[in-house]
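These are the residues of each chain, in order.
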Amino acid sequence: MKLYEYMGKDIFRREGIPVPRGQAFFNSAGVADFAASLPAIVVKSQVLAGGRGKAGGIKFPASATETEVAAQELLATVIRDLPVHAVLVEEKLKIDREYYVAITVDGGKRKPLVIASAQGGVDIEEVAEEHIVKFHVDVHAGIQPHFGREVARRMGLPAAESKQFSELLVKMYNLFRKYDAELVEINPLVLSSGKLIAADAKLTIDDEAAFRYPEWLPSVEERTERELKAAAIGISFVELDGEIGVMANGAGITMATLDIINHFGGSPRNFMDAGGGAGTEATAKALEILLSTKPKTIVVNIFGGITRCDDVARAFAQVKETIGIPVPLVIRLVGTNEEAGVEILRQQGMSAYRSIDEAVAKAVELAAKEAV
Amino acid sequence: MKLYEYMGKDIFRREGIPVPRGQAFFNSAGVADFAASLPAIVVKSQVLAGGRGKAGGIKFPASATETEVAAQELLATVIRDLPVHAVLVEEKLKIDREYYVAITVDGGKRKPLVIASAQGGVDIEEVAEEHIVKFHVDVHAGIQPHFGREVARRMGLPAAESKQFSELLVKMYNLFRKYDAELVEINPLVLSSGKLIAADAKLTIDDEAAFRYPEWLPSVEERTERELKAAAIGISFVELDGEIGVMANGAGITMATLDIINHFGGSPRNFMDAGGGAGTEATAKALEILLSTKPKTIVVNIFGGITRCDDVARAFAQVKETIGIPVPLVIRLVGTNEEAGVEILRQQGMSAYRSIDEAVAKAVELAAKEAV
Amino acid sequence: MAIIIDTKSVILVQGITGKQGNFHTSQMLAYGARVAAGVSPGKGGQEVHGVPVFDTVAQAMEQYPITASIIFIPAPGVKDAAFEAMSAGIKTLVIITEHVPLHDELDIMAYAEKHQVTIIGPNTFGIISPGQSKMGIMPNSIYTPGPVGVVARSGTLSYEIANNLTLSGLGQSTVVGLGGDRVVGLSFTEVLAKFEQDPTTKVVVLVGEIGGNAEEEASLYIKEMTKPVVAFLAGSSAPPGKRMGHAGAIIERGKGTFQSKVAALTLAGAKVAALPWEVAELVREALGE
Amino acid sequence: MAIIIDTKSVILVQGITGKQGNFHTSQMLAYGARVAAGVSPGKGGQEVHGVPVFDTVAQAMEQYPITASIIFIPAPGVKDAAFEAMSAGIKTLVIITEHVPLHDELDIMAYAEKHQVTIIGPNTFGIISPGQSKMGIMPNSIYTPGPVGVVARSGTLSYEIANNLTLSGLGQSTVVGLGGDRVVGLSFTEVLAKFEQDPTTKVVVLVGEIGGNAEEEASLYIKEMTKPVVAFLAGSSAPPGKRMGHAGAIIERGKGTFQSKVAALTLAGAKVAALPWEVAELVREALGE
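Residues numbered from 1 in each chain as written. Chains lettered and ligands numbered in written order. Predicted model: local features only at pLDDT ≥ 70, side-chain atom pairs only at ≥ 80, totals over all residues. Heavy atoms only, no water.

1. Some thoughts on the packing of aromatic side chains
Alright, step 1. Per the counting criterion, the structure on display carries 18 aromatic pairs over all chains.
Alright, step 2. Aromatic ring contacts, followed pair by pair, group Tyr 4, Tyr 6 and Phe 26 of chain A into a single cluster. (Phe/Tyr/Trp six-rings, centres within 6.5 Å; stacked < 30°, edge-to-face > 60°.)

Here it is in structure tokens:
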């Protein structure tokens with residue numbers, strides 16, 4: 001779960017990380033008054049897309065009145081398909097230098113990873129490797145101040161900034177642990193008249209830790225309505241651009257099914273991992289979601305392990321009887337209770353393949369026909 | 001630093017450990033009103049002495065009016081030489097069972113230690129070893145719930161209480177770490193109508209962690225005025241009952257000096273470790289504190305390492321010139337700048353021994369003479 | 001022979017009285033695995049499919065010489081369960097549970113490293129040494145003993161491949177599921193090293209997918225292996241930036257792409273199958289059959 | 001030979017620019033110890049008595065093959081300094097600072113155990129191998145090389161005894177101060193075991209005091225030692241329940257009394273001196289002189 005910049009900065013402020021004076025507005029009421037209290041002003045659209053600056057999502061009005069106008073304009077904007085959620089009106093900092101610092105998780109090393117650079121303010125991927133400092137964290141040690149001093153030294157920060165940077169990193173790490181963060185990123189970390197200030201705040205919270213979220217933690221939704229519906233029944237679903245609807249059980253096998261569709265010259269309409277052990281009801285609902293995307297054809301690839309083939313077959317029968325299945329449905333069904341499943345399908349006038357290649361080839365062929 | 005029961009219970013409450021409804025009173029105003037809101041009442045004197053129950057420090061009044069009287073009486077009481085600081089008016093619990101649980105530090109193993117027993121409510125030293133459960137804590141694991149379940153099992157708690165106990169122990173450990181505790185002890189932990197409640201709270205905070213204390217943390221003083229004065233200049237000082245004042249530099253050597261006084265048939269008036277590296281001013285002040293205890297004689301045992309003998313000698317000279325030294329002063333002075341020190345003493349008409357046995361023997365002899 | 005678990009493994013099931021724990025205990029027993037005891041707080045004294053249930057791991061270990069534990073506890077309790085097993089001295093741990101918080105996984109792995117515990121998962125189908133023992137949720141029917149070691153990130157895809165191997169007459173020494181989360185215990189490299197040492201294993205099948213750089217790291221080790229490696233990778237058609245099912249499958253920063261993985265594996269000498277049903281044929285070739 | 005430090009020890013001083021760090025660096029240099037570098041954040045590039053100062057331990061270690069570090073940092077910063085040294089790979093650490101918070105000590109010791117670091121202190125006078133090297137605050141003049149290993153809880157008392165030994169012609173192999181806090185690194189037993197292995201050491205002097213049960217635990221090991229042990233204990237006259245100077249010196253729960261310690265040591269075969277000046281004579285007897 002990504003948080004908007006203003007939410008991240010609220011948490012930064014609470015955890016003692018310096019941020020510019022600022023306030024979020026969801027409409028323009030009060031904007032001018034607040035702006036009047038700032039010596040210099042920046043208005044930033046709150047949207048979870050990258051590159052909002054280049055897309056015109058950040059403005060530098062010269063007066064309180066101009067700020068109100070800018071806020072109104074930005075609130076009406078759509079950036080990379082996402083409507084602007086709010087605007088953050090902030091004190092515009094005097095920028096002496098810009099740094100980059102982030103804490104994330106390195107899955108390969110199974111440890112938190114600190115990434116820092118004295119060349120901040122730009123996309124970190126554009127910074128040459130030799131200007132990037134990386135240090136893994138031992139969770140049994142955490143980040144003590146010395147860790148920050150060593151990072152600062154490698155970054156080439158002067159002594160006067162080293163202590164501030166070190167205190168900041170300790171706080172960032174505490175926040176990273178306390179809020180189950182996947183990512184805490186400050187870019188740029190601005191040096192302004194001798195003080196280090198987080199000019200931006202990127203904070204991604206681990207969705208799996210939702211049960212520990214403090215109540216006040218805001219929720220940000222990036223998924224489509226259908227993806228949400230699928231999530232509600234425990235199914236991973238991602239919409240894509242192709243023609244063939246896909247349902248399989250397991251992330252790897254679903255991905256492989258997409259690959260095989262591609263291999264046979266077709267294009268998938270979606271990724272749908274119905275998971276292991278989905279029963280009749282969940283499978284029926286998943287199929288309904290699939291149908292709502294209006295694919296040209298649907299291919300179902302079930303290797304029954306925990307998932308029982310008869311449960312799956314019953315779901316198809318149920319959907320066919322109730323809302324109907326208006327597109328060709330190609331089913332590959334093997335594994336636990338395979339025979340019972342095939343029999344249920346047969347009674348509904350449907351048949352099943354035993355091998356994945358035959359099933360996908362058939363689906364691609366049917367989709368091509370539909371397209372004609 | 002030991003906290004009063006009501007302070008400990010305030011912290012328990014804040015950390016989610018169940019305690020009886022209660023309130024501390026420093027005079028009897030409001031006691032009756034509060035007592036009237038309780039179904040059954042207990043009034044406990046807040047004093048840092050053990051065995052306050054046996055000393056009459058706990059009362060069970062039958063009514064709100066009786067509670068007010070009891071509070072007045074207890075507030076006027078002195079228990080084991082300590083005046084009652086406050087009274088805690090609490091709901092008297094229905095007691096089904098009494099357990100014991102504590103977390104402290106095992107210096108030998110360098111680890112936190114959990115001590116628990118199903119036989120609570122009495123002095124834990126009176127409980128037979130086989131009824132006491134002890135588990136060390138790995139600070140890299142902390143106390144997870146399973147730890148509490150295993151302790152509960154060893155204590156013989158039924159399943160219904162195991163979960164509660166386990167949650168309690170997790171909270172106790174978090175508190176132990178968060179507040180730099182030397183000891184968190186609940187005795188008795190009461191089972192009351194199926195609920196585990198901390199009927200008492202003993203909490204000792206590490207004095208060395210004072211710089212981390214949150215501002216609200218209350219302070220409890222157990223030391224005498226002289227001991228406080230000594231602490232203010234960084235000197236360890238404990239008053240004893242004998243006749244010979246003692247000053248030495250280092251805890252071990254001070255203790256050994258006391259032992260040697262005993263060996264020669266004398267009795268020490270105090271323990272004073274002037275520490276390593278004390279300068280003239282600190283040493284002079286220490287001597288003044290010593291003199292204020294009116295010893296029959298004083299023995300000073302300085303093995304100069306970081307401590308410089310001339311600094312020490314100058315302090316004695318200074319005190320002699322200003323307030324005077326009305327009792328015999330026996331000085332053993334060796335080590336760093338020894339010659340300069342001896343010379344300073346000589347100019348003041350004082351002399352110094354080189355060996356500890358001679359010095360102490362002399363002091364004991366002089367004290368005996370004074371006593372005549 | 002096999003790796004990690006075999007006929008001598010004495011197994012504990014944590015969360016044995018839950019729906020999943022109960023069902024898969026029956027399946028593991030049916031497969032012949034030595035499931036000695038289960039743990040379920042507050043349920044001590046019960047039995048599940050004839051397996052005695054204890055309140056704590058320590059209590060179970062007083063009664064049985066347990067060597068490995070499999071965890072079916074819901075995600076919020078996994079950290080507690082894993083620490084309980086590790087603190088009690090268990091050195092092999094299979095964590096089936098999915099949706100375990102990332103920071104709990106970090107804590108578990110750090111403690112496992114300190115105490116030299118082998119962790120499989122979380123979010124794994126487990127491990128099976130066909131004909132010997134099983135700690136996992138894979139179907140019993142699709143495996144048969146033989147010379148092929150299989151290590152996979154993803155469950156069902158590995159079933160597909162194991163099933164194909166079995167139907168092609170190619171049995172397996174051990175099949176290991178690393179788990180689909182961003183932070184898991186065993187890595188491809190560690191499992192490959194165990195297969196390299198295992199006398200039964202003659203060839204290794206690596207089933208990977210896009211995202212992360214585990215396959216690229218494994219390639220460094222594959223270069224040094226004496227045994228042939230056959231790989232299959234899911235995700236050749238995945239669009240960049242979309243999260244597909246589990247955290248592993250994110251393409252970030254131009255690393256972890258299908259192309260980079262295929263290139264690294266091929267360069268290291270592994271044969272990469274373009275389609276899942278081609279794996280068995282490549283294995284047969286690698287075995288010189 | 002000696003234990004823990006010797007002529008090969010290359011020493012780092014953490015907190016070298018502070019008053020204590022500065023002074024004792026000069027004393028250690030005067031004694032001939034190989035003090036290679038100092039650390040003091042923000043003071044990198046300076047020199048103290050000719051010793052170069054760095055901002056971080058890692059930076060110092062890039063320049064010098066440091067084997068041991070001595071910490072003179074004020075108490076609130078000791079945990080940070082100790083973790084810095086340990087994270088940088090230093091395996092011998094002397095922590096002079098007193099008043100270190102108990103929980104910081106617990107954290108330091110747990111991390112030291114994980115990384116197999118030898119910690120002396122906190123709240124110690126340090127360690128000296130006479131004629132070879134010194135990491136500590138003891139006076140340089142009172143030691144001389146020889147066959148007596150000394151291990152003490154308390155500083156000045158050990159000076160008294162070492163001085164007596166030297167005046168009696170009995171030199172020391174190494175003198176170790178464990179530190180006066182409730183939680184310290186090395187224990188009596190661990191130091192005794194090192195002396196037992198050290199060819200130079202022919203007899204060991206243990207300087208203990210009341211409180212805790214370190215001396216009782218040491219007695220268990222003394223029973224198994226081939227080398228004779230002479231002990232002196234402070235606190236024979238201490239009243240129960242009074243805290244005397246440092247946390248070690250509390251008599252609690254009837255354990256750790258003078259009597260129990262003397263009994264345990266005597267039973268283990270150690271000779272216990274009743275007064276400090278009797279130690280040298282007992283050592284001479286133990287040496288068969």
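2. Digging into the domain arrangement of chain A
Alright, step 1. In terms of domain boundaries, chain A breaks down into domain 1 (21-91), domain 2 (97-212) and domain 3 (225-371).
Alright, step 2. A separation of 26 Å is found between the C-alpha centroids of domain 1 of chain A and domain 2 of chain A. (Domains from an automatic or database assignment.)

3. Remarks on the interface of chain A and chain C
Alright, step 1. The interface is formed by 47 residues belonging to chain A together with 51 residues belonging to chain C.
Alright, step 2. Here chain A packs against chain C, burying approximately 4000 Å² in sum over the two surfaces, 60% of which is carbon and sulfur.
Alright, step 3. Looking only at chain A, the three residues that lose the most surface to chain C are Arg 110, Met 255 and Phe 303 of chain A, adding up to 18% of its buried area.
Alright, step 4. Remark: the boundary between chain A and chain C carries 5 salt bridges. (Contact = heavy atoms within 4.5 Å. Buried area = accessible area lost by both parts, 1.4 Å probe. Salt bridge = Lys/Arg side-chain N within 4 Å of Asp/Glu carboxyl O.)

4. Description of the UniProt feature "binding site: ATP" (unreviewed entry) in chain A
Residues and elements named next belong to chain A.
Alright, step 1. Here the UniProt-annotated "binding site: ATP" (unreviewed entry) positions come out as Lys 44, Gly 51, Arg 52, Gly 53, Glu 90, Leu 93 and Glu 98.
Alright, step 2. One can find Gly 51 in the loop between strand S3 (41-46) and strand S4 (58-59).
Alright, step 3. A relative accessible area of 37% means that Gly 51 is categorised as partly exposed.
Alright, step 4. With respect to the element layout, Arg 52 can be found in the loop between S3 and S4. (UniProt positions renumbered as here; feature names shortened; annotations may be inferred. Helix = DSSP H or I, 4+ residues; strand = E, 2+ residues; numbered from the N terminus. Buried < 20%, exposed > 50% of the residue type's maximum accessible area, 1.4 Å probe, protein only.)

5. Some points on the domain arrangement of chain C
Residue and element names in this part refer to chain C.
Alright, step 1. One can read the domain layout of chain C as domain 1 (11-120) and domain 2 (138-286).
Alright, step 2. Spacing between the C-alpha centres of domain 1 and domain 2 amounts to 26 Å.
Alright, step 3. Across the contact, 11 residues belong to domain 1 and 11 residues belong to domain 2.
Alright, step 4. Summed over both partners, the interface of domain 1 with domain 2 comes to about 910 Å²; 57% of that surface belongs to carbon and sulfur atoms.
Alright, step 5. When the area that domain 1 buries against domain 2 is broken down by residue, the three leading residues are Tyr 31, Glu 105 and Ile 120, summing to 45%.
Alright, step 6. One can count 2 residue pairs in polar contact (both at pLDDT 80 or more) joining domain 1 with domain 2.
Alright, step 7. Those elements that place two or more of their residues in the side of domain 1 that touches domain 2 are helix H1 (19-31), helix H4 (102-114) and strand S7 (118-120).
Alright, step 8. Residue classes in the side of domain 1 that touches domain 2 are distributed as 8 nonpolar, 2 polar and 1 charged. (Polar contact = N/O pair within 3.5 Å; in protein donor to acceptor, adjacent residues only side chain to side chain. Nonpolar A, V, L, I, M, F, W, Y, C, P; charged D, E, K, R; others polar.)

6. Description of the UniProt feature "binding site: substrate" (unreviewed entry) in chain C
Alright, step 1. Under the UniProt annotation, "binding site: substrate" (unreviewed entry) lies at Tyr 159 of chain C.
Alright, step 2. Note on placement: Tyr 159 of chain C falls in helix H5 (residues 155-167).

7. Looking at the sheet that holds strand S14 (residues 271-273) of chain C
Alright, step 1. Here we have 7 strands laid out as an open sheet, ordered S9-S8-S11-S10-S12-S13-S14 (chain C), and mixed in their pairing. On the outer flanks of this sheet lie strand S9 (133-136) and S14 of chain C, each paired with one strand and no other. When strand polarity is set aside, the average angle formed by the axes of neighbouring strands in this sheet is 20°.
Alright, step 2. Relative to strand S12 (residues 203-209) of chain C, strand S10 (residues 145-152) of chain C is paired through 5 bridges, and the arrangement is parallel. For Val 151 of chain C, the partnering residue across the bridge sits in S12 of chain C and is Leu 206 of chain C.
Alright, step 3. Relative to the sheet, helix H7 (residues 251-263) of chain A contacts S12 and strand S13 (229-234) of chain C, its axis offset from that of S13 of chain C by approximately 80°.
Alright, step 4. Along the sheet face, helix H7 (residues 214-222) of chain C touches S12 and S13 of chain C and points at about 160° away from the line of S12 of chain C. (Pairing = 2+ DSSP bridges. Axes fitted to C-alpha atoms, helices over the stretch in contact; angles between N-to-C directions.)

8. Digging into the sheet that holds strand S14 (residues 271-273) of chain D
Residues and elements named next belong to chain D.
Alright, step 1. If you walk across this open sheet you meet the 7 strands as S9-S8-S11-S10-S12-S13-S14, and the pairing is mixed. Edge positions in the sheet fall to strand S9 (133-136) and S14, since each of these pairs with one other strand and no more. The average angle at which neighbouring strand axes cross in this sheet is 20°, direction not considered.
Alright, step 2. For strand S8 (residues 126-129) and strand S11 (residues 172-177), the ladder comprises 2 bridges, and the chain directions are antiparallel. Paired with Ile 128 across the two strands is Val 175, which belongs to S11.
Alright, step 3. In the packing of helix H1 (residues 19-31) onto the sheet, the strands contacted are S8 and S9, and the crossing angle to S9 comes to about 165°.
Alright, step 4. Strand contacts of helix H7 (residues 214-222): strand S12 (203-209) and strand S13 (229-234), with the helix running at about 160° to S12, the strand carrying the most contacts.

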